[in-house]
Amino acid sequence: MFQKIALAIAFSPRMEALMCETKRFARLFNAEVIFIHIGERIEEEEIELNRIFEKNGFDLSKITVIWEDGNPSKKIISICKRENVDLLVTGALKKETFFKYHFSSIARKMMRRSDVSLMVLIDPKINPKPFHNIVINGTDDPKTAEIIKKGIALANLEKAKLVHILNEIQLLGLRMSMAGEDIASKVEDTRRRLIQDEVEKIENILSEIDKEDLKINIKIVSGKPGYEISRFTERAKADLLVLRAPNHKLSLFDRFFPHDLEFILNDLPTNLLILQAN
């Protein structure tokens, strides 16, 4: 699924935990790992890095450490492209005085500009655990089948206990479009038909995927894009939300008129995997 994983390291209190999480992903996917530090190469920091490698039993034959100067987000993106990285691990920051998490400005820039899948961890651990309760965004899109397939593949590797596939549909305006008719019954009949159609689309996708022994729950919701899946993820107490990366590179325009992904990034409900689709 992923052949080369990168972690941009900063010498912060959470560095060791993020490194250990990255090590777990490397073992899970049998992938190489690149550690990237943007800034001056300092002997004391190099010694600390090697201490963490030794303490946590890293396989040094599968590790590359890159030290470069420059603009952090631009440099990380260029290094990932140059080294053919396909998964970049990053952490989310807790908002001051609130038990909520959000993307750092550097991570947000990387998400907008990068072609690499991102794993965003809100509470990395030195002794990391597998994801057991996963939500996959199954909203109808040309790339939905690929995202569900990758999400299920990850769930199989993790031996997850439960997978939710959630489809956000738009039912706004349905009642208005039927004005003058027997609204109550027709709206309800149309709503049921729309929901059943979406369930069947997901079932057709799942029929072609090896699900092993996964327990899968298909959920159809309507409401504001991004908001409903975020709320559902919180209610389900999921430990990972899997989304497709935007079809276009997000711009300043999206900050003023938020994309559904931008909405989620402003108030992360759990760990987040943003997948690039081919």
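Note: the structure precedes this text.
Cut-offs and rules
- Residues numbered from 1 in each chain as written.
- Predicted model: local features only at pLDDT ≥ 70, side-chain atom pairs only at ≥ 80, totals over all residues.
- Heavy atoms only, no water.
- Phe/Tyr/Trp six-rings, centres within 6.5 Å; stacked < 30°, edge-to-face > 60°.
- Helix = DSSP H or I, 4+ residues; strand = E, 2+ residues; numbered from the N terminus.
- Salt bridge = Lys/Arg side-chain N within 4 Å of Asp/Glu carboxyl O.
- Buried < 20%, exposed > 50% of the residue type's maximum accessible area, 1.4 Å probe, protein only.
- Axes fitted to C-alpha atoms, helices over the stretch in contact; angles between N-to-C directions.
- Parallel < 35°, antiparallel > 145°, perpendicular 65-115°, else oblique.
- Left-handed = near helix turned anticlockwise from the far one by under 90°.
- Contact = heavy atoms within 4.5 Å.
- Pairing = 2+ DSSP bridges.
- Core = buried A, V, L, I, M, F, W, Y, C linked by side-chain atoms within 4.5 Å.
- Right-handed = clockwise from strand over helix to strand, strands pointing away.

A. A look at the packing of aromatic side chains. On inspection of all chains with the given rule, the structure shows six aromatic pairs. Centre to centre, the rings of F2 and F29 are 5.1 Å apart; their planes meet at 85°, and the pair counts as edge-to-face. You can see F2 sitting in the segment before β1 (4-8) and its partner F29 sitting in helix α1 (residues 15-29), a full 27 residues away along the chain. Through a chain of ring-to-ring contacts, the aromatic side chains of F35, F53 and F58 assemble into a single cluster.

B. Molecular detail of the pattern of salt bridges. The full count for this structure, using the stated rule, is 13 salt bridges. Of the charged contacts in the structure, one is a salt bridge between D123 and K125, with a shortest N-O distance of 3.1 Å. When its relative accessible area of 42% is taken as the criterion, D123 is described as partly exposed. With a relative accessible area of 42%, K125 lands in the partly exposed category. Salt bridges sharing common partners tie together E68, K75, R82 and E83.

C. Structural detail: the packing of α1 against helix α2 (residues 43-55). Close contact between α1 and α2 brings their axes to 11 Å; oriented N to C, the two are set at 45°. Relative to α2, the element α1 lies oblique. Considering the relative orientation of α1 and α2, their crossing is right-handed. Facing M15, E16 and M19 of α1, the residues of α2 in contact are E48, L49, R51, I52, F53 and K55.

D. Focus on the pairing of strand β11 (residues 240-244). The element β11 is largely enclosed, with a buried count of four among its five residues. Bridge analysis of strand β8 (residues 133-137) against β11 gives three bridges, and the strand direction is parallel. In the sheet register, V135 faces β11, and the bridge partner there is L241. For β11 and strand β12 (residues 272-275), the ladder comprises four bridges, and the chain directions are parallel. Within β12, the position partnered with L243 by the bridge is I274.

E. Broad picture of helix α8 (residues 227-235). Those residues of α8 not exposed but buried are E228, I229, S230, F232 and T233. Two residues or fewer past α8, K237 is found with a positive phi of approximately 55°.

F. Molecular detail of the sheet that holds strand β10 (residues 216-222). A sheet is described by the order of its strands in space; here ten strands give the open sequence β3-β2-β1-β4-β7-β12-β11-β8-β9-β10, paired in mixed fashion. Edge strands, defined here as strands with exactly one partner in the open sheet, are β3 (63-68) and β10. Looking at each pair of strands side by side, their axes are set apart by 20° on average, direction ignored. As judged from the three bridges shared by strand β7 (residues 117-121) and β12, these two strands associate in the antiparallel manner. Looking at the pairing, M119 lines up with L273 of β12. Against the sheet, helix α3 (residues 72-82) makes contact with β1, β2 (32-38), β3 and β4 (87-91), and its axis sits at roughly 155° relative to β2, the strand it touches most. Packed onto the sheet, α8 meets β8, β9 (162-169), β10 and β11 and runs at close to 155° relative to β9.

G. Fine view of the nonpolar core. Judged by nonpolar contacts, the single largest core of 47 residues is most densely connected at M19, F29, F35, M119 and I136. The greatest single-element share of this core, amounting to seven residues, is contributed by α1. Those residues in contact with F29, other than ones at most four positions away along the chain, are M1, F2, I5, L87, L154 and L157. Membership of the second largest hydrophobic core comes to 32 residues, among which are I38, I77, A238 and I264.

H. Region of interest: the pairing of β8. Taken across its five residues, β8 has five buried, putting it largely inside the fold. Residue alternation in β8 divides its side chains into two sets, N133, V135 and N137 and I134 and I136, and both sets are buried. Pairing of β8 with β9 involves five bridges; the strand directions are parallel. Residue I134 lies in a different strand from β9, and its bridge partner there is V163. You can see the chain leave β8, run along helix α5 (residues 144-158) and come back into β9, and the turn it takes is right-handed.

Taken by themselves, the reported measurements are silent on function.
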